Amino acid sequence: MVLLGEKFPNFDTNTNVGKINFHEWLGNSWGILFSHPNDFTPVCTTELARVVKLMPDFQRLGVKPIALSCNSVDSHIEWIKDIKSYAGVSIDGFPYPIIEDESRKIATSLGMLDPDETDKDGLPAAARAVFIIDPKKKMRLSILYPATTGRNFDEIIRVIESLQLTEQHKVATPVDWKKGDDVMVQPTVSDEEAQKTYADKLKTIKLPSGKGYLRMVPHPCDLSSTM
Ligand code: BEZ
């Protein structure tokens with residue numbers, strides 16, 4: 001089981017586009033590894049199709065998606081035809097790899113298994129894990145959904161935008177934040193530094209405690225180039 005901030009493990013694996021070494025495949029990009037219980041299942045098909053359609057967003061953010069499903073490469077290659085049909089795209093090939101994991105070796109080592117879900121042979125199936133990995137191969141986000149709940153990929157894009165923004169600026173993103181909304185100065189930044197950096201753009205919200213910890217500033221793209 002990998003924890004936030006830890007180095008994401010490397011592994012050699014087989015995919016619909018051949019053998020890969022995970023870290024070499026990632027190169028210097030961000031990555032998102034997301035797992036699936038089984039090929040030819042309804043929720044999984046809708047998720048993989050959604051990722052096909054979101055490829056321009058992943059490319060804009062410099063993120064390489066890779067899926068894992070507990071079936072063979074031959075099965076993945078057949079399933080891809082259904083995924084492309086459901087996505088309504090007529091592209092050559094497939095825009096991201098799907099890892100084969102019939103033995104559940106990778107799913108087990110990464111803590112992706114859902115003990116409540118078994119396949120037709122009684123083998124445990126992978127849950128819907130999402131791991132976001134940064135260019136230094138550190139794990140930056142981990143979410144585990146049960147097999148019966150499809151993921152919200154708008155949320156995943158939103159988290160990547162927040163992670164990339166907070167890499168660049170000493171800010172944090174509040175509840176339900178969307179790209180372009182105001183952000184908050186991180187608690188580790190002193191009032192003096194916040195005032196120096198943001199000047200009249202800094203708005204401190206008054207609270208009953210009298211503590212001025214809720215400090216809002218515009219999204220950094222909207223601030224002057226002095227930042
Ligand atoms: C699905 O992808 O639809 C699914 C897979 C396993 C359990 C439940 C749903």
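Before any of the text, the structure's been laid out above.
All values derive from a computational prediction rather than experimental measurement.

### Thoughts on the site of the ligand
- As a structural note, the neighbourhood of the ligand is formed by Pro37, Thr41, Pro42, Val43, Cys44, Glu117, Arg128 and Ala147.
- Between the ligand and the protein, one listed contact pairs an oxygen atom with a backbone N or O atom of valine 43 at 2.7 Å.
- Between the ligand and the protein, one listed contact pairs an oxygen atom with a side-chain N or O atom of arginine 128 at 3.0 Å.
- Protein contacts shield 81% of the accessible area of the ligand, which totals 260 Å² for the unbound molecule.
- Residue classes in the shell around the ligand are distributed as five nonpolar, one polar and two charged.

### Some points on the environment of lysine 7
- Relative to the helices and strands, lysine 7 resides in the segment before strand 1 (12-15).
- Residue classification places lysine 7 among the exposed residues on the basis of a relative accessible area of 59%.
- Separated by 129 residues in sequence, lysine 7 and lysine 136 place their C-alpha atoms 8.0 Å apart.
- Every residue in contact with lysine 7, bar those within four places of it in the chain, is listed here: Val2, His23, Lys137 and Lys138.

### Concerning the sheet that holds strand 12 (residues 203-204)
- If you walk across this open sheet you meet the four strands as 10-11-13-12, and the pairing is antiparallel. Two strands close off the open sheet at either side, each with one partner strand: strand 10 (171-172) and strand 12.
- Taken together, the two bridges between strand 11 (residues 183-185) and strand 13 (residues 215-217) define a ladder with antiparallel strand orientation. Among the inter-strand pairings, valine 183 is bridged to a residue of strand 13, identified as valine 217.

The rules we used
- Residues numbered from 1 in each chain as written.
- Predicted model: local features only at pLDDT ≥ 70, side-chain atom pairs only at ≥ 80, totals over all residues.
- Heavy atoms only, no water.
- Near = heavy atom within 4 Å.
- Polar contact = N/O pair within 3.5 Å; in protein donor to acceptor, adjacent residues only side chain to side chain.
- Areas by Shrake-Rupley, 256 points an atom, 1.4 Å probe, with all protein chains shown as cover.
- Nonpolar A, V, L, I, M, F, W, Y, C, P; charged D, E, K, R; others polar.
- Helix = DSSP H or I, 4+ residues; strand = E, 2+ residues; numbered from the N terminus.
- Buried < 20%, exposed > 50% of the residue type's maximum accessible area, 1.4 Å probe, protein only.
- Contact = heavy atoms within 4.5 Å.
- Pairing = 2+ DSSP bridges.

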